[in-house]
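The chain contents come next:
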Amino acid sequence: MIKFIATEDTLPLRSSVLRNGEPTTECYFQADDLPTTFHLGYHSPVDEIVSILTCQLESMEPYTGIGYRLRGMATHPEWQGKGIGTLLLKEVIDHLANEMKADYLWCNARRVAHDFYQNLGFEFLSEEFEIPGIGLHRVMYLDLYNKNS
Ligand SMILES: CC(C)(COP(=O)(O)OP(=O)(O)OC[C@H]1O[C@@H](n2cnc3c(N)ncnc32)[C@H](O)[C@@H]1OP(=O)(O)O)[C@@H](O)C(=O)NCCC(=O)NCCS
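Residues numbered from 1 in each chain as written. Predicted model: local features only at pLDDT ≥ 70, side-chain atom pairs only at ≥ 80, totals over all residues.

## A few points about the site of the ligand
Using the following cut-off: Working rule for contacts: place C-beta from the backbone, and if it is within 6 Å of a molecule or strand, that residue counts as near it. Strands here are runs of E lasting at least two residues and helices are runs of H or I lasting at least four, both read from the DSSP assignment and numbered beginning at the N terminus. The residue classification treats Ala, Val, Leu, Ile, Met, Phe, Trp, Tyr, Cys and Pro as nonpolar and Asp, Glu, Lys and Arg as charged. All others, Gly included, are polar.
Inspection of the region around the ligand gives 19 residues, with T75, G81, G85, T86 and F116 positioned closest. At the level of elements, α1 (7-18), β4 (67-75), α2 (84-98), β5 (104-110) and α3 (114-119) are the ones that each hand at least two residues to the shell around the ligand. By residue class, the composition of the shell around the ligand is nine nonpolar, seven polar and three charged.

Here it is, written out as structure tokens:
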């Protein structure tokens, strides 16, 4: 089941899946608690959060309109490859397009996740670049305007 969750609920998976077990106190994003930021979690049948994502209002040059940035997308290793990340991302795309009337969604995507985002319609906007301590990324972009209903 997909639910809105609190920043604190994202920290264990951010730490274990995205940050090599770094202390959760180091796993906050600057915009986590802004009123324009939200977090979604997929809950397993025993109510464990097994997949997470965060969306923050942040535009990207040269695009105009309402832009959101996707961050901290992670699925627990035992739950990866079962379609949960796709479900979560589809839910957020629908929410952003139809409730928030957003125009686009973008992210800095790790190489291992490029296919995952491409399968959902994201396009590459940059070549690879290094984010220190995390690795190689490319900027990816999804137009939401044409998904608005
Ligand atoms: C990328 C990620 C969030 C996808 O979540 P998920 O729940 O595994 O996603 P789904 O099962 O819906 O989709 C799986 C697709 O993601 C891709 N993928 C990326 N890493 C994968 C992994 N470790 N295991 C399985 N699929 C992976 C594949 O393209 C796969 O497509 P396929 O099923 O057609 O082969 C998840 O694999 C993950 O947490 N990876 C490690 C952290 C990470 O890289 N996060 C993205 C940061 S930009």
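## Thoughts on the pairing of strand β8 (residues 135-143)
Successive residues of a regular strand alternate their side chains across the two faces of the sheet. Counted only if it meets this: Between any two strands, at least two bridges found by DSSP are needed for them to pair.
Both β5 and β8 contribute to a ladder of seven bridges, which runs antiparallel. Residue pairing in the sheet places C107 in a bridge with M140 of β8. As defined by bridge partners, strand β7 (residues 129-131) adjoins β8 across three bridges and the pair is classed as antiparallel. Its bridge partner being in β8, E130 is matched across the sheet by L136. Counting the residues that bridge the hairpin from β7 to β8 gives three residues, and of these G133 lies at a positive phi of roughly 85 degrees.

## Remarks on α2
Applied cut-off: Every helix has an expected span of 1.5 Å times one less than the residues it contains. Three exposure classes are used, all based on how many other C-beta atoms lie within 10 Å of a residue's own C-beta (placed from the backbone): buried at 20 or more, exposed at 12 or fewer, and partly exposed between those limits. This arc describes the spread of directions from the helix axis toward the C-beta atoms.
Here α2 spans 21 Å end to end across 15 residues, near enough to the 21 Å set by a 1.5 Å rise per residue. Taken residue by residue, α2 has G85, L88, L89, V92, I93, L96 and A97 as its buried positions. Seen from one end, α2 has its buried residues packed into an arc of 160 degrees, which puts them on one side.

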